[in-house]
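Residue-level structural notes
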Amino acid sequence: MSKKIITIKEFSDELTVRLMKGETVDCCKEELLKLAKIVKEKIYGRRMVLFAPLYLSNYCINNCAYCGFKQSNKDIARKTLSFEEIAEETLKILKSGHKRILLVAGEDLKKCSVDYIVKAIETVYKVDYKGNKIRRVNVNLAPLEHDDLVKIKNAGIGTYQLFHEVFHRETYKKLHPSGPKKDYDKRISIFDKCYQAGIDDVGIGVLYGLYDYKFETLALLTQAKYLDDKYKIGPHTISIPRLEPAAGCDFNQNTGYGVADEDFKKVVAVLR
């Protein structure tokens with residue numbers, strides 16, 4: 001099988017229902033799914049890689065309309081794990097057979113500082129269960145400045161994940177009324193800072209359900225292409241979560257932008 005990178009225009013065509021010979025042709029048919037399977041197995045093999053999320057803190061100074069961590073949510077208990085608790089959680093994760101962890105935290109540098117995160121990474125790596133240790137600590141963190149990115153790079157992180165959530169500017173502005181996350185440009189430029197700080201293993205993502213999935217997927221792929229063109233290394237991971245209800249969050253789930261299972265399969269196939 002010959003391989004080539006398809007263009008953004010070709011991505012757009014695959015995501016759109018097209019008309020052929022007067023007959024509606026949905027690209028989520030067997031041919032596309034079969035091809036996606038071939039591509040995946042040819043490049044990555046018949047395997048899945050799993051990681052376990054470990055939440056360090058749910059304190060946050062943002063007010064994202066769709067998120068249960070938002071500062072204005074008074075219905076949840078807030079907590080930042082101690083290093084002893086981080087070690088205990090890591091031990092449980094090791095006992096369950098995982099070798100990879102994703103550290104996640106809300107955005108609040110007073111409750112969850114970069115130095116705390118660095119020590120948390122070091123704590124995870126030190127935990128030993130019958131000779132087994134965590135091999136890779138990935139992080140999902142809010143945008144950091146250059147020196148702080150260097151700190152977590154030196155702590156031995158795997159992938160630095162950050163999801164833009166929604167690329168459509170007007171929707172982004174509406175859903176992020178206050179807090180540092182309201183700055184669209186700062187968030188979307190984080191990976192430039194990552195590469196400049198020596199972090200060339202990054203993960204991008206979008207939260208489906210906030211805006212039209214076709215627009216968001218093309219924006220996501222455009223971001224991936226930009227990184228690949230500029231730095232010659234594209235994103236290591238592309239994440240595509242779908243919107244779900246959150247405790248203490250009255251955001252209307254019926255946005256009109258929900259992604260049905262068949263469309264979600266199409267997105268996965270086109271991304272592959």
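To be clear, the structure that these remarks concern was listed above.
Residues numbered from 1 in each chain as written. Predicted model: local features only at pLDDT ≥ 70, side-chain atom pairs only at ≥ 80, totals over all residues. Heavy atoms only, no water.

Attention shifts here to the overall build of the protein chain. The number of helices and strands found in the protein chain is ten helices and eight strands. Residue burial in the protein chain is summarised as follows: out of 272 residues, 43% are buried. Taking the contacts inside the protein chain whose residues are at least 6 apart along the sequence as the reference set, 70% of them involve residues at least 24 apart. Approximately 15,000 Å² of the protein chain is accessible, and the part contributed by carbon and sulfur atoms is 53%. (Helix = DSSP H or I, 4+ residues; strand = E, 2+ residues; numbered from the N terminus. Buried < 20%, exposed > 50% of the residue type's maximum accessible area, 1.4 Å probe, protein only. Contact = heavy atoms within 4.5 Å. Areas by Shrake-Rupley, 256 points an atom, 1.4 Å probe, with all protein chains shown as cover.)

Positionally, Leu220 belongs in helix 9 (residues 213-231). For the pair formed by Leu220 and Phe167, sequence separation is 53 residues and the distance between their alpha carbons is 7.8 Å. Those residues in contact with Leu220 that lie beyond four places of it in its chain are Phe167, Ile204, Gly205, Val206, Ile238 and Ile240.

All right, on to the packing of helix 4 (residues 114-126) against helix 5 (residues 146-154) then. Any two packed helices are characterised by how steeply their axes cross, that is the angle between the axes, and by the distance between the axes. Their axes nearest at 9 Å, the elements helix 4 and helix 5 cross at an angle of 10°. Here helix 4 is positioned roughly parallel relative to helix 5, judged by the angle of their axes. Where helix 4 abuts helix 5, its residues Val114, Asp115, Ile117 and Val118 lie against Asp148, Lys151 and Ile152. Residue composition of the contact of helix 4 with helix 5, grouped by class: four nonpolar, no polar and three charged. (Axes fitted to C-alpha atoms, helices over the stretch in contact; angles between N-to-C directions. Parallel < 35°, antiparallel > 145°, perpendicular 65-115°, else oblique. Nonpolar A, V, L, I, M, F, W, Y, C, P; charged D, E, K, R; others polar.)

Turning to the side chain of His164, a few remarks are in order. Tracing the backbone through its elements, the reader meets His164 in the loop between strand 6 (157-161) and helix 6 (169-175). Setting aside residues no more than four positions away along its own chain, His164 makes contact with Tyr172, Tyr184, Arg187, Ile188 and Gly205.

The subject of this paragraph is the environment of Glu107. Within the element layout of this structure, Glu107 appears in the loop between strand 4 (100-105) and helix 4. According to the relative accessible area criterion, Glu107 is buried, its value standing at 15%. Considered as a pair, Glu107 and Ser57 are 50 residues apart in the sequence and their alpha carbons are 8.8 Å apart. Discounting residues that sit within four places of it in the chain, Glu107 has contacts with Tyr59, Cys60, Ile61, Asn62, Ala142, Pro180 and Lys181. For Glu107, the side chain forms a polar contact with the side chain of Asn62, separated by 2.8 Å. (Polar contact = N/O pair within 3.5 Å; in protein donor to acceptor, adjacent residues only side chain to side chain.)

What follows is about the packing of aromatic side chains. Under the counting rule described, the total for this entry stands at six aromatic pairs. Summarising the aromatic geometry, the rings of Tyr195 and Tyr231 are spaced 4.2 Å apart at their centres and angled 0° between planes, so their arrangement reads as stacked. Separated by 36 residues along the polypeptide, Tyr195 in helix 8 (residues 190-196) and Tyr231 in helix 9 bring together distant segments of the chain. For Tyr195, a relative accessible area of 13% translates into the label buried. (Phe/Tyr/Trp six-rings, centres within 6.5 Å; stacked < 30°, edge-to-face > 60°.)

A few words on the nonpolar core. Formed by 63 residues in total, the largest nonpolar core has its most connected members in Leu56, Leu103, Leu149, Ile152, Tyr160 and Phe191. For this core, the leading source of residues is helix 4, giving seven residues. For Phe191, the contacting residues outside a window of four places in its chain are Tyr160, Leu162, Val202, Gly203, Ile204, Gln223 and Leu227. (Core = buried A, V, L, I, M, F, W, Y, C linked by side-chain atoms within 4.5 Å.)

Where helix 3 (residues 83-95) meets helix 4, the axes come as close as 9 Å, and the angle between the chain directions of the two elements is 40°. Viewed along their axes, helix 3 and helix 4 adopt a mutual orientation that is oblique. As helix 3 packs across helix 4, the resulting crossing turns out to be right-handed. Two secondary-structure elements touch here, helix 3 through Phe83, Ile86, Ala87 and Thr90 and helix 4 through Tyr116, Lys119, Ala120, Thr123 and Val124. Among the residues forming the contact of helix 3 with helix 4, the class breakdown is six nonpolar, two polar and one charged. (Left-handed = near helix turned anticlockwise from the far one by under 90°.)

In this approach a probe as big as a water molecule rolls over the atoms, and the regions it shows empty are the leftover space. Estimated volume of the second largest pocket: approximately 170 Å³. Contributing to the lining of the second largest pocket are 15 residues, with Glu107, Leu109, Ala142, Pro143 and Leu144 lying nearest its centre. The residue inventory of the lining of the second largest pocket, partitioned by class, reads ten nonpolar, one polar and four charged. (1 Å grid on protein atoms, 1.4 Å probe; cavity = no way out; pocket = protein on both sides within 12 Å on 5 of 7 lines; lining within 4 Å. Points joined across faces, edges and corners; volume = space filled by probe spheres on them.)

A cluster of nonpolar side chains, namely Ile43, Tyr44 and Val49, defines an oily patch on the protein surface of about 270 Å² accessible area. By the element assignment, Val49 lies in the loop between helix 2 (30-44) and strand 3 (52-57). Among the residues examined, Val49 registers a relative accessible area of 32% and is labelled partly exposed. (Patch = residues over 30% accessible without salt bridge, like charges linked within 9 Å, V, L, I, M, F, W, Y side chains within 5 Å. Salt bridge = Lys/Arg side-chain N within 4 Å of Asp/Glu carboxyl O.)

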